[in-house]
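Chain by chain, the residues run as shown.
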Amino acid sequence: MMKQKTLKGSFSLCGKGLHTGLSLTVTFNPAPENHGYKIQRIDIEGMPIIDGVAENVVDTQRGTVLGKGDVKVSTVEHALSALYVLGVDNCLIQVNGPELPILDGSAIKYVEKIKEIGIEEQNAPKDWYVIRKKIEVKDEATGSCITILPDDEMSVTAMCSFESKFINSQFATLDDISKYETEIAPARTFVFVRDIEPLLQANLIKGGDLDNAIVMYERQISQEQLDKLADMLHVEHRDATELGYIQHKPIVWENECTRHKLLDLIGDMALIGKPIKGRIVATRPGHTINNKFARQMRAEIRKHEIQAPAYDPNEEPIMDVNRIRELLPHRYPMQLVDKVIELGPNNIVGVKNITANEPFFQGHFPQEPVMPGVLQIEAMAQCGGLLVLNSVEEPERWSTYFMKIDGVKFRQKVVPGDTLLFKVELLAPLRHGISTMKGYVFVGDHIVSEATFTAQIIKNK
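Q: Honestly, the overall build of the chain in this entry has me stumped. Any pointers?
A: Helix and strand content of the chain: nine helices and 26 strands. Seen along its three principal axes, the alpha-carbon backbone of the chain occupies a region of about 95 × 45 × 35 Å. Across the 461 residues of the chain, 50% fall into the buried class. Long-range contacts, defined as pairs at least 24 residues apart, comprise 71% of the intrachain contacts of the chain with a sequence gap of at least 6. About 21800 Å² of surface is accessible on the chain, with carbon and sulfur atoms providing 49% of the total. In the chain, the 52 positive side-chain charges and the 62 negative ones have mean positions that sit 4 Å from each other.

Q: Sorry, what's going on with the sheet that holds strand S17 (residues 214–217) here?
A: Taken together, three strands build an open sheet; the order of strands is S16-S17-S18 and the sheet is mixed. Each end of this open sheet is capped by a strand with a single partner; those strands are strand S16 (190–192) and strand S18 (244–246). With strand direction ignored, the average angle separating the axes of adjacent strands in the sheet is 30 degrees. With three bridges connecting them, S16 and S17 associate as parallel partners. Opposite Val191, over in S17, you have Val215 as the bridge partner.

Q: Just checking my understanding: could you explain the packing of helix H6 (residues 256–269) against helix H7 (residues 287–303) for this structure?
A: A pair of packed helices can be characterised by two numbers: the angle between their axes and the separation between those axes. As a packed pair, H6 and H7 sit with axes 9 Å apart at the nearest point and diverge in direction by 30 degrees. Between H6 and H7 lies a crossing of right-handed hand. Taking contact as the criterion, the partners of Asp264, Leu265, Asp268 and Met269 in H6 are, on H7, His287, Asn290, Phe293 and Ala294. For the contact of H6 with H7, the per-class residue count stands at four nonpolar, two polar and two charged.

Q: Would you take a moment to explain helix H1 (residues 77–85) for this structure?
A: Because an α-helix completes one turn every 3.6 residues, residues spaced three or four positions apart along the sequence face the same direction. Most of H1 sits inside the fold, with nine of its nine residues counted as buried. Buried residues of H1: Glu77, His78, Ala79, Leu80, Ser81, Ala82, Leu83, Tyr84 and Val85, and no others. Of the residues trailing H1, Gly87 is marked for its positive phi of about 85 degrees.

Q: Help me understand the pairing of strand S7 (residues 65–68), please; the structure alone is not making it clear to me.
A: For a regular strand, side chains alternate in direction, first toward one face of the sheet and then toward the other. Here two bridges tie strand S6 (residues 57–59) to S7, and the two strands are oriented antiparallel to one another. When the sheet's bridge partners are listed, Asp59 is paired in S7 with Val65. As consecutive antiparallel partners, S6 and S7 are separated by five residues, and within that stretch Gly63 has a phi angle of approximately 95 degrees, a positive value. The turn joining S7 and strand S8 (residues 71–73), which pair antiparallel and follow one another in sequence, is formed by two residues; a positive phi near 65 degrees is taken by Gly69.

Q: In this structure, what is going on with the packing of aromatic side chains? I would like to understand it.
A: Aromatic ring pairs are reported here in terms of the distance separating the ring centres and the angle at which the planes meet. Within this structure, the stated rule accounts for five aromatic pairs. Between Phe11 and Phe28, the aromatic rings sit 4.9 Å apart at their centres with planes inclined by 15 degrees, giving stacked as the arrangement. Here the residue Phe11 occupies a position in strand S2 (residues 11–16), and Phe28 occupies one in strand S3 (residues 23–30), the gap between them amounting to 17 residues. The same class applies to Phe11 and to Phe28, which are both buried. Summarising the aromatic geometry, the rings of Phe360 and Phe361 are spaced 4.8 Å apart at their centres and angled 70 degrees between planes, so their arrangement reads as edge-to-face.

Q: What is the right way to look at the packing of H1 against helix H2 (residues 108–117) in this model?
A: Here H1 crosses H2 at 40 degrees, and the two axes come no closer than 9 Å. One way to sum up the angle between H1 and H2 is to call them oblique. Taken as a pair, H1 and H2 cross one another with a handedness that is right-handed. In contact with His78, Ala79, Ala82 and Leu83 of H1, H2 contributes Tyr110, Val111 and Ile114.

Conventions and cut-offs
Residues numbered from 1 in each chain as written. Predicted model: local features only at pLDDT ≥ 70, side-chain atom pairs only at ≥ 80, totals over all residues. Heavy atoms only, no water. Helix = DSSP H or I, 4+ residues; strand = E, 2+ residues; numbered from the N terminus. Buried < 20%, exposed > 50% of the residue type's maximum accessible area, 1.4 Å probe, protein only. Contact = heavy atoms within 4.5 Å. Areas by Shrake-Rupley, 256 points an atom, 1.4 Å probe, with all protein chains shown as cover. Lys, Arg positive; Asp, Glu negative; His and termini not counted. Charge placed at Lys NZ, Arg CZ, Asp CG, Glu CD. Pairing = 2+ DSSP bridges. Axes fitted to C-alpha atoms, helices over the stretch in contact; angles between N-to-C directions. Left-handed = near helix turned anticlockwise from the far one by under 90°. Nonpolar A, V, L, I, M, F, W, Y, C, P; charged D, E, K, R; others polar. Phe/Tyr/Trp six-rings, centres within 6.5 Å; stacked < 30°, edge-to-face > 60°. Parallel < 35°, antiparallel > 145°, perpendicular 65-115°, else oblique.

Below is the structure:
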């Protein structure tokens, strides 16, 4: 089972802010399990810590801005993108100002420092959210659309249209997350010449220069206007009839701008709060649609806070009914687990197919057959027994008994035709023959019952 991860130590990066031009230092610190990403302003005493979740995004006009009350921190997407892809689940980010330093306009320096300081596993299991169905968010006004589809791993495709003769439609794909460092992280932010003057007049890019952004001159303006902008940017004058890039560093890829859009999209997806297994396809992505999609995903996760296990009836079970009978003493009509499809050191997934011929339906109830809740808990406990027996030598010589049941909840009926999935996890290691477990029973994607229970295993004579 994959575990949550944090940094092995702290590290800092210094640079100017894109918007303010201030000299800034951002420090990344290890954080405890289930902490997530949090950002703290340390330039003013008593500033609150901002949770890195989509609900705390207060602006998306020039990057992603997180806020809480009067406290705001902008340009967070590049750092979050690097943390997310490298598998860091928990981190406290501290900055001495209203934004993270822009550095070279990409995420590569964050990636390099994270890898240099190192990443370590924590005790808590990694809390993946697995996409089981198509989810889509559209913005009819801009034509932007983000779709996520089921997939075994996370992958991202971005498609952009810039409405320009100089730079036309592009796409970029990251099918293998391990290639992020070389194929996506170095992609720099970009801006069009036509947008620079209003940004400068609004004091939004005081720290922008040709070292941290790609500047594209793709629509001809007057020589006087271009010379004025060149003076404001402290660059040489150029012929206003020659379209092209205005920059100190050559572009790395022809589609570098779209690769940067993909980088930003991953950073904004970090605000979902859980790592995702799914394929994201984004048409004309931007921070506004990205945040809208992240909020939709968070709403979806709240509806399925505990996800049902994946079940493919075509796959061979880890334990079939014959092996279960070797380990458990239960027999008809009390054997309530048909097979085990997943088994780890701390978790198990079992299956029970409910048919109309179950003996309990004769009396519960003849006119409205409903599986008794106590039998759902019994079946869940049988799965727990198989989990515990998997950790001892000679499991056939042990028996499992209930000691305590807590927090039982029944959410919907179980009826003939349902397939029950049991998901049971150890809450504490087996000690002195006693173990505490948390179990859930699912029909489809929905939890039908749950309980916490303590069991004891005793060696047979």
